[in-house]
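Architecture and fold: a report
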Amino acid sequence: MQPIKQFMQDYPGQIKSKLPQVGTTIFTVMSQLAAENNAINLSQGFPDFESDKALIKMVSDAMAKGMNQYAPMAGLMALREQIAIKTEKLYGVTYNPDTEITVTAGGTQAIFTAITAIIKEGDEVIIFTPAYDCYGPAIELNGGKPMYVQLFAPEYKIDWNHVKKLISQRTKMIIINTPHNPTGKIVTKNDMVQLEKIVQNTDIIIISDEVYEHIIFDKQKHQSASKFPHLAERSFIISSFGKTFHNTGWKMGYCLAPSNLMKEFRKAHQFIVFSVNTPIQYALSEYLKNENNYLELSSFYQQKRDFFVNQIKDSKFKIIPSQGTYFQLLSYADISNEKDTDFAIFLTKKHKIASIPVSVFYHKNTDEKVLRFCFAKKEETLKYAADILNKIV
Ligand code: GLN
């Protein structure tokens, strides 16, 4: 058999990559490496335990009842209503399900859609690095320019003066993320007030990536952009059901925004996915009615964080406190001088444990000898992982 001919080979120069610097996302690379090496996979963030059986039954019931055709473009009204109720209950703000809430195929699609709806050639977008890896490419695909504010281990504090200095006529958007992936840090109320001041009297739009809103530790409060009226009026707020209900493979999320922004969001959304999975939307609209299904998540994950951290407290890894998300950063500066990408590969191949090197989330690949470990795992998995980490000296 002849292998398929490649267009580029026959017509050199015809295809100019829109993302010349971008390779395959680190989550795919590390998960693949873990599988090839039979390593325990704490790299890509996903639970190794099941989503609630009751929720799974609600999905299959919806399918059996024939709810299998296109959902409305913006999402099932019953689900949008439940999202509105949850948001009002938690943050005291009312979003109109008709005009201000859209159900998406996960957080990444919502972020891509919001950026695509707003960003034009030459627009600048401020992002904080280490940054989740979908922001930069989405900005660049739309002709925009990411402007980076670097945060450093172990505090990862935002220097708002630096942000202020980066703002120009071209600044169209700022993307914030709390609880923060990959660092596990959260923003304070004061951070949000600073941001509010900075964007006042500008036309800067905000994306607030809050996909880990329900995973926040030590009795801290989630500072949703929706709680700050001067931010909410210009924000796309993104959330994810996959993180909250342990089913990242379902790819379900949503976006909240004032109606003028949402109108633009939907213009793009309808041609990116049109609408998302119908039976799952039915199930989620029922499941959300019981608030314990999301309110108990913080203590559920806090136990996992504490268990994991306690198991490795005598190891040579240094713990960088996690305040939210299901990620734990560990510094290996006392173990090795190797680059974090090399060290992550070495740990996967030699010690059979996979993590994510944090330098990949910095535009200049700043290497602070820090790895990210996902603790959305069963206790036995965490124990097994800890036993490996404890032996690394
Ligand atoms: N959000 C997940 C993480 O940070 C990965 C999602 C993905 O693989 N695209 O690990």
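So, a few notes on the structure that sits alongside this text. Since this is a predicted model, take the numbers as computed values, not measurements.

**As for the pattern of salt bridges**
- On inspection of all chains with the given rule, the structure shows 13 salt bridges.
- Linking R234 and E233 is a salt bridge whose minimum nitrogen-to-oxygen distance equals 4.0 Å.
- A residue is classified by how much of its surface remains accessible, and R234, at 11% relative accessible area, is buried.
- In this structure, the salt-bridge partner of D306 is R305, at a minimum N-O distance of 3.0 Å.
- Since its relative accessible area comes to 35%, D306 is described here as partly exposed.
- The buried category is assigned to R305, whose relative accessible area is 10%.
- Through salt bridges with shared partners, one network takes in D218, R305 and D306.

**Observations regarding helix α15 (residues 340-351)**
- Of all the positions in α15, only D340, F343, A344, L347 and T348 are classed as buried. The buried residues of α15 occupy an angular sector of 135° when the element is viewed end-on, so they sit on one face.
- Here the buried face of α15 lies against α2 (26-36), β11 (353-354), β12 (356-357) and β13 (370-374).
- The first or second residue beyond α15 is K352, which carries a positive phi of 65°.

**Some thoughts on the sheet that holds strand β8 (residues 253-256)**
- If you trace the seven strands from one edge of the open sheet to the other, you get β2-β8-β7-β6-β5-β3-β4, paired in mixed fashion. Single-partner strands in this sheet number two, and they are β2 (101-104) and β4 (145-150). The average angle at which neighbouring strand axes cross in this sheet is 20°, direction not considered.
- Bridge count for strand β6 (residues 205-209) against strand β7 (residues 235-240) is four bridges, and the pairing is parallel. The residue of β7 that forms the bridge with D209 is I238.
- Sitting on the sheet, helix α4 (residues 77-91) is in contact with β2 and β8, with an inclination near 115° to β2.

**Here we look at the pairing of β4**
- Examined bridge by bridge, strand β3 (residues 124-129) and β4 share six bridges and lie parallel to one another. Paired with T129 across the bridge in β4 is Q150.
- In this view, the connection linking β3 to its parallel neighbour β4 by way of helix α6 (residues 135-141) has right-handed handedness.

Conventions and cut-offs
- Residues numbered from 1 in each chain as written.
- Predicted model: local features only at pLDDT ≥ 70, side-chain atom pairs only at ≥ 80, totals over all residues.
- Heavy atoms only, no water.
- Salt bridge = Lys/Arg side-chain N within 4 Å of Asp/Glu carboxyl O.
- Buried < 20%, exposed > 50% of the residue type's maximum accessible area, 1.4 Å probe, protein only.
- Helix = DSSP H or I, 4+ residues; strand = E, 2+ residues; numbered from the N terminus.
- Arc of directions from axis to C-beta.
- Contact = heavy atoms within 4.5 Å.
- Pairing = 2+ DSSP bridges.
- Axes fitted to C-alpha atoms, helices over the stretch in contact; angles between N-to-C directions.
- Right-handed = clockwise from strand over helix to strand, strands pointing away.

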